[in-house]
Amino acid sequence: MIKSFFKNKAAIISAAIIVIITLMAVFAPLISPYEPDRQDLLLRLKPPGSEHLLGSDELGRDVFTRLLYGSRVSLLIAVIPTALAVIFGMIMGILSAYYGKAADLIIMWFADVTLAFPGMLLAMAIMYTFGGSFLSVLLSIIIMEWGSIARIVRSVTLSIIEQEYIEAARTIGVKKIVIVIKHIIPNLLPTLIVLFTLNVPSSILSESALSFLGIGIQPPNVSLGLMVNQSRALLFQMPWLALAPSIMIMILVLSFNYLGDALRDILDPKTKY
Amino acid sequence: MSAFIRRCVGVLLVLLGVMLLIFIVLRIIPGNPAAVLLSEHANKETIERLTASMNLDKALPEQFLLYLSGALRGDLGQSYYLKRPVLDLVLEAFPFTVKLTIFSAAFAWIFGIAVGVISAVYQNRLPDYLFRGISLLGVSVPVFMVALFLQYLFYFKFSLLPLLYDGSAVSMILPAIALGWNSAGSVARLTRSSLIEQNNELYLDTAKAKGLTAKAALLKHGLKNAMLPVITMLALQLSSMLSGAVITESVFGIAGIGKLALSAVETRDMPLLQGTVLFSAFIISLGNIISDLINTCIDPRLRV
Amino acid sequence: MSEDKLLEINNLTVSIKEGKEMLPVVRGINITVPRNKIIGIVGESGCGKSITAKSINHILPPAAKITAGSMIWHEASGQQTDLVTLKEKEIRKRCGKDLAMIFQEPMSSLNPMMTIGSQIKELLKIHKLENNPQKAKARVIEMLDAVGIPEPALRYKAYPHELSGGMRQRVMIAMAMIGQPKLLIADEPTTALDVTTQAQILKLIRKMCESYSMSALMITHNMGVVSSTCDYVYVMYLGTIMEEALTQELFNNPLHPYTRGLLSSIPKLGDNPEFLKTIPGNIPVDSKKFKGCKFCMRCSDDIKKCFFEEAPLYKVSENHYVRCHLAGSDNKIVNSEDTSNKAGSETVKGGKNK
């Protein structure tokens, strides 16, 4: 399995890009001499150059530095709520598949309800109630993503429990919870890993869209979507201000998509999501 | 037919859940919305009057039932900020969103299916790598990036197309592409994989044994079979398009549902936000039923 | 009498790509299909018989390639074409018109989204046999009637899922026959059907061969199918022809231990069902280094020689050849060297006159 991962060039390159960007985001203070929100009105709107790698914005802040700090937020918001959504979706999917008809009906109904919303509009309702912040973006991403994850986990779980060794374990009286922990979850792992990798890009896109609209992450915090929002007014004069964070988002999303595709081919070739 | 009725009942139950969820989400907010609305200087009496008129003095379950029965009669409440019935506002905005969605769906489907088919026919050859790259790019760029990029290129650089939507068909081109871009990517990817899967089907051998070349067999026999999952994706696409419409409409200044919802958040207009969200969920459910119907029409095995 | 030949397969070798290696699954076989005869290829699953069939009209899976040999198609005019060398467009012009094929799975061999009528009619359109849609439809209905489909005009509009397995196989036969081919390749045509339907379908194929003066290549693992339909039989094992003979001769005087195994594993009425006869062992995993007889691991009569040297094809009589040291040693060796292991070597086997 690991061997076939290293044979897959797309997987290695995209994983490498993700690692590099993550390291740059984590060690941002060491890489950049500037601070993301330090304003220097004398240095406003400098074009890209040796002093400011990607220029400076309308408040004289270094764009490259802000890009690194923005990637931090985008990566955090991509990874944490996606992981939570996968865990929640897994629990709900297993409950639905393995614990009775009533649980199945209610959970799948609830999944259908959250899937019936256009994600962005539901997120906007959450923003309305809790205000634009890291936590409310996190919450809305979980609500947007858990439903489809639960559906897939449910169907994979159903195919796992049909297998004979589970049947055998049940007939000799192994407790349900033990079967879930010892047999079902380990068998679900490849699916969960792939689901996680494939949901990260949509989390990044959701966060950036909300922040772009001005209702997600709020200043003085930085996020990639927020940077695009703040530079919109200067789109025609200084396009790189909007372009740099957009391309950063694109690279991240593209890498995770490639990685997810490759992982799916390697870990879970039969299933399609 | 009974399967269809069961499906409709399911959709109704989901819509009920949708109403319940949005009702709860918008009301966990602490404080009295009437007081927030009226600012600090309003006297107690005014606040109480407004509270009563908005049914805010009643218990939450009663509020929900009142809202539900209102919604069934077509009454989605009164906008706080614009002081007009929510339904009127939604119905005024809806045609713009419909127009945008239709244009971008047409773009997404024509472009997406074409790219997917070419990719599948030339599997693992140069055109495939090229188009696979393009379609992966399609699903990987944020909507706002496409929108801003199109504005920069076609308005600012080449002055070919208008910056904002002004009601003309020409000004709809950029928003339609911006919104359809992501969907085109996912339609292309699904078309490709679904068509390639058809290569394992035995009826393609039959077609070749009949005298069709591999390419012709794939296009004449495989494509129709391959389209079934693509059509099932229609409802999902609709959902992501309505999400994307918020951004596209705000960038291009289109007075559609998405822009209405955004302004509802910005002006803290709870009934309006509730109405727009509910309405778009309703549209998506409708889209689900329609894609079911289309599949039933083209797949003889589903006909009863 | 070469004017009697329709298709002559010489030294055909087909290999499947596995990793970086090409594993031969059909090893230099020689098969002759005369006009107006039904030829059988019999063997266990995995012996390469389906691959042989699919290589004729170039519908091999992408991993498989013809690596050596020729397939000479003899026109009535005497003109000869090697089907192996044809480009895709040229072979497709022959498919449906000269060569037709029916498959094992009538369930999935038809396009589920099209009516059976339009699927058959498509062949007339492809080969421009009938451009008038009304006449084409009439011809299809006539053919559906000929293959024994009741109410053909009604069934014309039916979708495959609305028909039973036997009916679908009849549809496949109608589709094969409508181009009036000279050779019908039938790849396990009855395997997926129940027993009564099997007999009807075999009878239909025989009838079609007679009334359209067509040859057939019948691929099967079932000796019963062979005895009831074929004129001449090739027994294939691990990509090699082990024995070939006229059907009657093969059943009366089976020489190769493998053929005998196949024959004795047909259950007869009165046999104790608890002791169904089988050929011991499984098809062995192929090893390129092994030079002996491919069957010796499962053979009950093997001698030492079998492990070191593959037997040549011995000629037992004009209509009977066998590749076995024991059975053939008193007979004349037909091919002096082993063609099956040396792809590309010249065909030495003499023509069989029938």
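Note that this is a predicted model, so its numbers are computed, not measured.

Okay, the overall build of chain B next. Helix and strand counts for chain B come out as twelve helices and zero strands. Shown N-terminal to C-terminal, the secondary structure of chain B runs as helices and strands in the order α-α-α-α-α-α-α-α-α-α-α-α. With the C-alpha coordinates aligned to their principal axes, the bounding extent of chain B is approximately 85 × 55 × 30 Å. Each of the 304 residues in chain B was classed as buried or not, and the buried ones make up 43%. Taking the contacts inside chain B whose residues are at least 6 apart along the sequence as the reference set, 69% of them involve residues at least 24 apart.

So, about the interface of chain A and chain B. Each partner contributes residues to the interface: chain A has 35 residues there, and chain B has 38 residues. Of all elements in the fold, only α5 (100-115), α6 (119-130), α9 (176-212) and α11 (239-267) of chain A reach the threshold of two or more residues within the side of chain A that touches chain B. Of all the elements, α6(A) adds the most residues to the side of chain A that touches chain B, at ten residues. Here the residues of the side of chain A that touches chain B sort into 29 nonpolar, five polar and one charged.

Attention now moves to the domain arrangement of chain B. Residue and element names in this part refer to chain B. In terms of domain boundaries, chain B breaks down into domain 1 (2-72) and domain 2 (86-303). Computed over C-alpha atoms only, the centres of domain 1 and domain 2 are separated by 33 Å. On the domain 2 side, the residues contacting the eleven residues of domain 1 number twelve residues. The leading source of residues in the side of domain 1 that touches domain 2 is helix α1 (residues 2-27), at nine residues.

A few words on the pairing of strand β2 (residues 21-34) of chain C. Residue and element names in this part refer to chain C. Burial within β2 is extensive, with eleven of its 14 residues counted as buried. As paired elements, strand β1 (residues 5-18) and β2 share ten bridges and run antiparallel to each other. The partner of Ile 16 across the bridge, within β2, is Leu 23. Taking the residues between adjacent antiparallel strands as the criterion, β1 and β2 are bridged by two residues, where Gly 19 takes a positive phi near 65°.

Judged by how many residues are buried, helix α1 (residues 49-56) of chain C sits mostly within the fold: eight of eight residues are covered. Burial in α1(C) covers these residues: C:Lys49, C:Ser50, C:Ile51, C:Thr52, C:Ala53, C:Lys54, C:Ser55 and C:Ile56.

The next subject is unusual backbone geometry. Note that the residue after A:Pro219, namely A:Pro220, is joined by a cis bond; omega there is 10°. Relative to the assigned elements, A:Pro220 resides in the loop between α9 and α10 (224-230). The backbone of B:Asn124 sits at a positive phi, close to 60°, despite the residue not being glycine. Relative to the assigned elements, B:Asn124 resides in the loop between α5 (86-121) and α6 (126-140). Assessed through the 9 C-beta atoms surrounding it within 10 Å, B:Asn124 is described here as exposed. Even without being glycine, C:Gln180 reaches a positive phi, approximately 45°. With 14 C-beta atoms counted inside 10 Å, the residue C:Gln180 sits in the partly exposed group.

To continue, consider the environment of A:Ser206. Residues and elements named next belong to chain A. By the secondary structure assignment, Ser 206 is in helix α9. A sequence separation of 183 residues divides Ser 206 from Leu 23, and the C-alpha atoms of the two residues are 23 Å apart. For Ser 206, the contacting residues outside a window of four places in its chain are Gly 119, Ala 123, Ile 141 and Met 144.

This paragraph deals with the confidence of the model for chain C. When pLDDT is low, close inspection of the predicted coordinates is not appropriate. Residue-level pLDDT values for chain C average 83, and 85% of them are 70 or greater. With pLDDT under 50 throughout, residues 336-354 of chain C is counted as low confidence; its partners more than four residues away or in other chains account for 35 contacts.

In this structure, A:Met124, B:Ala261 and C:Leu217 are the most contacted members of the largest nonpolar core, which totals 256 residues. Counting residues per element, this core draws most heavily on helix α10 (residues 214-252) of chain B, which supplies 16 residues. Built from parts of two domains, this core gets at least three residues from each of domain 1 (2-72) and domain 2 (86-303) of chain B. What B:Ala261 contacts, discounting residues up to four positions off in sequence, is A:Leu121, A:Met124, B:Val246, B:Leu273, B:Thr276 and B:Val277.

Predicted confidence across chain B gives a mean pLDDT of 84, with 91% of residues reaching 70 or more. Considering each helix and strand of chain B separately, the mean pLDDT is smallest for helix α2 (residues 33-38) of chain B, with a value of 60, and largest for α5(B), with 91.

This next bit is on the environment of B:Leu260. Mapped onto the elements, B:Leu260 comes out in helix α11 (residues 257-266). Setting aside residues no more than four positions away along its own chain, B:Leu260 makes contact with B:Leu89, B:Val90, B:Ala93, B:Leu272 and B:Thr276.

The interface of chain C with chain B comprises 26 residues on the first partner and 18 residues on the second. Looking at the side of chain C that touches chain B, the elements with two or more residues in it are α2 (88-94), β6 (99-102) and α3 (116-126) of chain C. Among the elements that take part in the side of chain C that touches chain B, α2(C) stands out by supplying four residues, more than any other. Split by residue class, the side of chain C that touches chain B holds twelve nonpolar, seven polar and seven charged.

Parameters and conventions
Residues numbered from 1 in each chain as written. Chains lettered and ligands numbered in written order. Predicted model: local features only at pLDDT ≥ 70, side-chain atom pairs only at ≥ 80, totals over all residues. Helix = DSSP H or I, 4+ residues; strand = E, 2+ residues; numbered from the N terminus. Buried ≥ 20, exposed ≤ 12 C-beta atoms within 10 Å, placed from the backbone. Contact = placed C-beta atoms within 7 Å. Nonpolar A, V, L, I, M, F, W, Y, C, P; charged D, E, K, R; others polar. Domains from an automatic or database assignment. Pairing = 2+ DSSP bridges. pLDDT = per-residue confidence, 0-100. Core = buried A, V, L, I, M, F, W, Y, C linked by C-beta atoms within 7 Å.

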